[in-house]
Amino acid sequence: METGLARAQVQSMEGLPGNERTLPFIFQAPTSGAAWQDSRAQILQAVETELPRVGGILFRGFAFNGEADFEVFARSFGHELLTYDYASTPRTKLNNRVYTSTEYPAHQVIPLHNEQSYSLNWPMKIWFHCVQASAVGGETPIADSRQVYQQLDPAIRQRFAEKRLMYVRNYGNGLDLPWQQAFSTEDRAQVEHFCRANQIQFQWKDDGELSTRQVCQAVAQHPVTGEWVWFNQAHLFHISNLAAPVRETLISIVGEEGVPRNVFYGDGSPIELDALEHVRAVLQRCQVSFPWQAGDVLMLDNMLVAHGRSTFQGARKVVVAMAEPAPAG
């Protein structure tokens, strides 16, 4: 008879051979359509023991009654859910603290990343709930950020760690999120207060648009496990992440300094393209993917595990909640 702590190793998951931390840990409902509340004690036990070890848990087979029930589930772990401030991608607020996943076109891949690792503040926990699985594709790939850190060329890893990263963002102009959406306010004074409080340099342009710069970490040490993780979005923010025709068109319109987002080393020097390609290759090598089933909830330790999105066909609805700000320092 199956009970709460169901099988962690599932053959259909694309775990790496010999990896003792096969992602994700599977927590199967005792019966299909069971209420998650009835397994709450076992769920809490699994999160306490398996989340720090594996980094991600897939809860499968439980009945979730819409976004509100999913929000109750996310709140049940003891932390107030977070708002999506200083956003970098478009998404819609659905319920009190539940959002759609990034609203990019279905034909676009969203590379692996740790949520808000482009900033000095990020959530420690993130949940994804599959309301509707797409007919084709639409997976949320994940990767162990400890494994990424370990597999990177030590010289590249050290250079990133020592120099850190400077993220440059130019909002609005129909090219990226307007600053009002990114900062969830229409008030310039609130934006300026947020920037000063978070060590973000800002400049208001003559056309009323905003430009920001922020120097952040490239690697980080997990506050609980003490392990080092690769923790940045350089490969995603860098202009080389854009397809060549898009990149060339953007530069021809606004110049390289005016592109919506770019990233440099913390001292302002350019990041080597071969280093970024190496990072992308390691991320791809560490990636794990599984097909969504309607009703699934994936819980990640946001520092230990990165996530992304595959292309898809057909309707797809995955909603997100975040909690537990990372400790300062």
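The rules we used
Residues numbered from 1 in each chain as written. Predicted model: local features only at pLDDT ≥ 70, side-chain atom pairs only at ≥ 80, totals over all residues. Heavy atoms only, no water. Helix = DSSP H or I, 4+ residues; strand = E, 2+ residues; numbered from the N terminus. Buried < 20%, exposed > 50% of the residue type's maximum accessible area, 1.4 Å probe, protein only. Contact = heavy atoms within 4.5 Å. Areas by Shrake-Rupley, 256 points an atom, 1.4 Å probe, with all protein chains shown as cover. Pairing = 2+ DSSP bridges. Axes fitted to C-alpha atoms, helices over the stretch in contact; angles between N-to-C directions. Salt bridge = Lys/Arg side-chain N within 4 Å of Asp/Glu carboxyl O. Phe/Tyr/Trp six-rings, centres within 6.5 Å; stacked < 30°, edge-to-face > 60°. Lys NZ or Arg CZ within 6 Å of the ring centre and 35° of its normal. Arc of directions from axis to C-beta. pLDDT = per-residue confidence, 0-100.

Attention shifts here to the overall build of the protein chain. Along the protein chain, the regular secondary structure elements total 9 helices and 20 strands. For the protein chain, with 329 residues in total, the buried portion stands at 53%. When contacts within the protein chain are restricted to residue pairs at least 6 apart in sequence, those whose partners lie at least 24 apart make up 79%. Put simply, the protein chain shows about 14700 Å² of open surface, and 50% of that area lies on carbon and sulfur atoms.

Here we come to the sheet that holds strand β18 (residues 305-309). Hydrogen bonds along the backbone pair up the strands of a sheet, which may run parallel or antiparallel. Spatially, β7-β18-β10 is the arrangement adopted by the 3 strands of the open sheet, whose pairing is antiparallel. Two strands in the sheet have a free side with no partner beyond their single neighbour: β7 (110-113) and β10 (142-144). The mean angle between the axes of side-by-side strands here comes to 15 degrees, regardless of whether they run parallel or antiparallel. Bridge analysis of β7 against β18 gives 2 bridges, and the strand direction is antiparallel.

The next point concerns the sheet that holds strand β11 (residues 165-170). Judged by pairing direction, the sheet is antiparallel, and its 4 strands sit side by side in the order β12-β13-β11-β16 without closing on themselves. Strand pairing shows two members of the sheet lacking a second neighbour, β12 (201-204) and β16 (261-265), which therefore form its edges. For this sheet, the mean angle separating the axes of adjacent strands, direction not counted, is 15 degrees. Strand contacts of helix α6 (residues 188-197): β12 and β13 (210-216), with the helix running at about 155 degrees to β12, the strand carrying the most contacts.

This brings us to the pattern of salt bridges. Applying the stated criterion to the full structure yields 12 salt bridges. The residue Glu192 makes a salt bridge to Arg196 at a minimum N-O spacing of 3.8 Å. Of this pair, Glu192 and Arg196 both sit in helix α6, 4 residues apart, which is roughly one turn of that helix.

Our next topic: the packing of aromatic side chains. Scanning the model with the defined rule gives 17 aromatic pairs in all. Ring pairs connect the aromatic residues Phe27, Trp36, Phe59, Phe62, Phe64, Phe73, Phe77 and Trp127, which therefore count as one cluster. Looking at Arg157, its charged tip hangs above the ring of Tyr149, at a distance of 4.3 Å from the centre. For the cation-ring pair, Arg261 lies above Phe237, with the distance from its terminal atom to the ring centre recorded as 5.0 Å.

So, about helix α4 (residues 154-163). Since the α-helix advances by 3.6 residues per turn, residues separated by three or four positions end up pointing in the same direction. For α4, the full list of buried residues reads Ile156, Arg157 and Phe160. Seen along its axis, α4 keeps its buried residues to an arc of 100 degrees; they face one direction. In α4, the exposed residues that point more than 90 degrees away from the buried face are Pro154 and Glu162. The first or second residue beyond α4 is Arg164, which carries a positive phi of 65 degrees.

Attention shifts here to unusual backbone geometry. With omega at -20 degrees, the peptide bond leading from Leu23 into Pro24 counts as cis. With respect to the helices, strands and loops of the structure, Pro24 is situated in the segment before β1 (25-28). Of note in this structure, Arg164 is not a glycine but carries a positive phi near 65 degrees. Along the polypeptide, Arg164 turns up in the loop between α4 and β11. Given a relative accessible area of 34%, Arg164 falls into the partly exposed group. One non-glycine residue, Glu324, lies in positive phi territory at about 65 degrees. Within the secondary structure, Glu324 is located in strand β20 (residues 317-325).

Our next topic: the confidence of the model for the protein chain. Residue-level pLDDT values for the protein chain average 89, and 89% of them are 70 or greater. Low pLDDT (under 50) marks residues 1-19, which in the prediction has 32 contacts with non-local residues, meaning those over four places away or in another chain.

Our focus in this paragraph is the environment of Phe77. Inspection of the secondary structure puts Phe77 in the loop between α2 (66-75) and β5 (93-95). Once the C-alpha coordinates of Phe77 and Leu44 are considered, the two residues, 33 residues apart in sequence, prove to be 7.5 Å apart. Discounting residues that sit within four places of it in the chain, Phe77 has contacts with Ile43, Leu44, Val47, Trp127 and Met299.

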